[in-house]
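# Structural characterization, general
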Amino acid sequence: MTGQLRHAALAAALAVTCFAARPALADEGGISFWLPGNFGSLAATPGTPGWSWATVYYHTDVSSGAGQQFPRGGRVDVGISGKGDLAFFGPTYIFATPVLGAQLSVSVLGVGGRNEASAALSLTGPLGNTIGINRTQDLVAFGDIIPQVALKWNMGVNNLMVYGMGDIPIGAYDPVRLANLGIGHGAIDFGGGYTYFNPQTGNEFSWVAGLTYNFKNTDTQYQNGMDFHIDWGASHFITKQVQLGLVGYYLEQVTDDFGAPASLGGFRSRVAGVGPQVGFLFPVGDMQGYLNLKGYWEFAAENRPSGWNTWVTFAISPAAPEPASAKPIVRKY
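## Examining the overall build of the protein chain
Across its full length, the protein chain carries 1 helix and 14 strands. Within the protein chain, the proportion of its 333 residues that are buried is 53%. Counting every atom, the protein chain has about 14,000 Å² of accessible surface; 65% of that belongs to carbon and sulfur.

## Section: the side chain of Asn159
Tracing the backbone through its elements, the reader meets Asn159 in strand β7 (residues 158-167). Judged by relative accessible area, which is 0%, Asn159 ranks as buried. A distance of 2.7 Å separates a polar atom in the side chain of Asn159 from a polar atom in the side chain of Asn154. Those residues within four positions of Asn159 in sequence are excluded, and the remaining contacts are Ala44, Thr45, Pro46, Trp153, Asn154, Gly193, Tyr194, Thr195 and Phe197.

## With respect to the environment of Ile316
Summarising the element assignment, Ile316 is placed in strand β14 (residues 306-318). Judged by relative accessible area, Ile316 falls into the partly exposed class, the value being 26%. The contact partners of Ile316, leaving out residues within four places of it in the chain, are Ser52, Trp53, Val284, Met287 and Gln288.

## Notes on a nonpolar patch on the surface
Where nonpolar side chains cluster on the molecular surface, the patch consists of Tyr57, Phe280, Leu293 and Val312 and spans about 300 Å² of accessible area. Positionally, Leu293 belongs in strand β13 (residues 287-302).

## Some remarks on the pattern of salt bridges
Enumeration according to the criterion identifies 3 salt bridges in this entry. Here Arg270 makes a salt bridge to Glu302, at a shortest N to O gap of 3.3 Å. One end of the pair, Arg270, is in strand β12 (residues 270-284); the other, Glu302, is in strand β13, and 32 residues separate them in sequence.

## A closer look at the nonpolar core
Of all hydrophobic cores here, the largest spans 38 residues; its most connected members are Phe39, Phe88, Tyr163 and Trp311. Mapped onto this core, the elements with two or more residues apiece are β1 (50-63), β3 (75-94), β4 (103-124), β5 (129-142), β6 (146-155), β7 and β11 (242-253). If you look at the next biggest cluster of nonpolar residues, it comprises 5 residues, including Phe197, Phe237, Leu281 and Tyr290.

## Overview of the confidence of the model for the protein chain
Confidence in the prediction for the protein chain averages 84 pLDDT; 80% of positions are at 70 or higher. Low pLDDT, under 50, characterises residues 20-26; the stretch is placed with 48 contacts to residues that sit more than four places away or in other chains. Contacts of residues 325-333 to residues separated by more than four positions or lying in other chains number 0 contacts, the stretch itself having pLDDT below 50.

## Comments concerning the packing of aromatic side chains
The geometry of two aromatic rings is summed up by the distance between their centres and the angle between their planes. On inspection of all chains with the given rule, the structure shows 12 aromatic pairs. Where Trp34 meets Phe39, the ring centres are 5.6 Å apart and the plane angle is 25°; that geometry is what we call stacked. The same class applies to Trp34 and to Phe39, which are both buried. Between the aromatic rings of Phe282 and Phe314, the centroid separation amounts to 6.3 Å while the plane-to-plane angle is 15°, which identifies the pairing as stacked. Here Phe282, found in strand β12, pairs with Phe314, found in strand β14; they are 32 residues apart in sequence, far enough to count as distant. Three or more aromatic residues link up through ring pairs in this structure, and these residues are Trp34, Phe39 and Tyr163. Lying across the ring of Trp311, Lys294 places its NZ or CZ 4.7 Å from the centre.

## Some words on the environment of Phe89
Its location among the elements puts Phe89 in strand β3. When its relative accessible area of 29% is taken as the criterion, Phe89 is described as partly exposed. Distance in space between the C-alpha atoms of Phe89 and Ala315 is 9.6 Å, their sequence separation being 226 residues.

## A look at the pairing of β6
As paired strands, β6 and β7 are joined by 8 bridges and run antiparallel to one another. When the sheet's bridge partners are listed, Trp153 is paired in β7 with Leu160. As consecutive antiparallel partners, β6 and β7 are separated by 2 residues, and within that stretch Gly156 has a phi angle of approximately 70°, a positive value.

## Overview of the environment of Phe258
Positionally, Phe258 belongs in the loop between β11 and β12. Measuring from C-alpha to C-alpha, the distance between Phe258 and Tyr222 comes to 5.8 Å, with 36 residues separating the pair along the chain. Apart from residues lying up to four places away in sequence, Phe258 is in contact with Gln221, Tyr222 and Gln223.

## Regarding the side chain of Thr45
Mapped onto the secondary structure, Thr45 falls in the loop between α1 (3-12) and β1. For Thr45, a relative accessible area of 1% puts it in the buried group.

## A look at the pairing of β7
As paired elements, β7 and strand β8 (residues 187-198) share 10 bridges and run antiparallel to each other. The residue bridging Gly164 from the neighbouring strand is Phe190, located in β8.

## A word on unusual backbone geometry
Residue Leu100 is not a glycine yet carries a positive backbone phi of 55°. Among the structural elements, Leu100 can be located in the loop between β3 and β4. Phi at Ala300 takes a positive value of approximately 55°, unusual for a residue other than glycine. Along the chain, Ala300 falls in strand β13.

Cut-offs and rules
Residues numbered from 1 in each chain as written. Predicted model: local features only at pLDDT ≥ 70, side-chain atom pairs only at ≥ 80, totals over all residues. Heavy atoms only, no water. Helix = DSSP H or I, 4+ residues; strand = E, 2+ residues; numbered from the N terminus. Buried < 20%, exposed > 50% of the residue type's maximum accessible area, 1.4 Å probe, protein only. Areas by Shrake-Rupley, 256 points an atom, 1.4 Å probe, with all protein chains shown as cover. Polar contact = N/O pair within 3.5 Å; in protein donor to acceptor, adjacent residues only side chain to side chain. Contact = heavy atoms within 4.5 Å. Patch = residues over 30% accessible without salt bridge, like charges linked within 9 Å, V, L, I, M, F, W, Y side chains within 5 Å. Salt bridge = Lys/Arg side-chain N within 4 Å of Asp/Glu carboxyl O. Core = buried A, V, L, I, M, F, W, Y, C linked by side-chain atoms within 4.5 Å. pLDDT = per-residue confidence, 0-100. Phe/Tyr/Trp six-rings, centres within 6.5 Å; stacked < 30°, edge-to-face > 60°. Lys NZ or Arg CZ within 6 Å of the ring centre and 35° of its normal. Pairing = 2+ DSSP bridges.

This is the structure we're talking about:
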């Protein structure tokens, strides 16, 4: 492997590290701001300065146990399931001037698509009266806006990152509706990560850990607890253009929800996932193109619907500059 692989990988790194959004399926209604799998391979590697654009197609299919209960505003939904076909999209700008010795990047991200949600039944009122049985709703709309800032340091094969992001709750949300693309409240997420990447061997390993703080949903007077999450990826570049590997994640709620029925306690959630990934690097005019496919099968879920999800990421970023040609040797006689 040569420096060409490093340059291509760095140009593509931001494509798989900058998206956070949710299907509207622990947290109120089984929904968390953080979408597990958001970060992946090469997460902490700096990119090439300038503008880039990424688009992610995300498909998810999840369900809970038949009798599992999920609070949602003034009611409890039982036996929920959901399917989502969403597109995440947005620009990123990487600054050429270092900040604290690191590379600074800023992103603004959006989400839109179709979400379908179902509940076997819904209960409301002090006596648990049934207000709906086998309800299914679907929604095509736009979700919340998500700004993100990151700092990345490179030290040879070692790379470090810190990041912060938030949720601006302007997306389609109705506390009465089962299907939503917004979460109905603001949130802040921050954390850091590490990437080992050796362009000589083509081996790479990355992990990113973070913590989410959720503000109160003023429509329902419900406040989700804090969520800890860690995403990881491991891959090998079998050629300068083709990457194969594994990805995974783990999310666990570390503080109680406020507003859940007493019978549900703190309603803390948990989920884990693992699966394969493949990536392709290719030129797009004078830019760098990157296509990444990854999928996760979920397990160990608690107070959260689980199943499987797939991601298809396409990104265009500035190509890394070619190394300067060595100056000719001038001999003086």
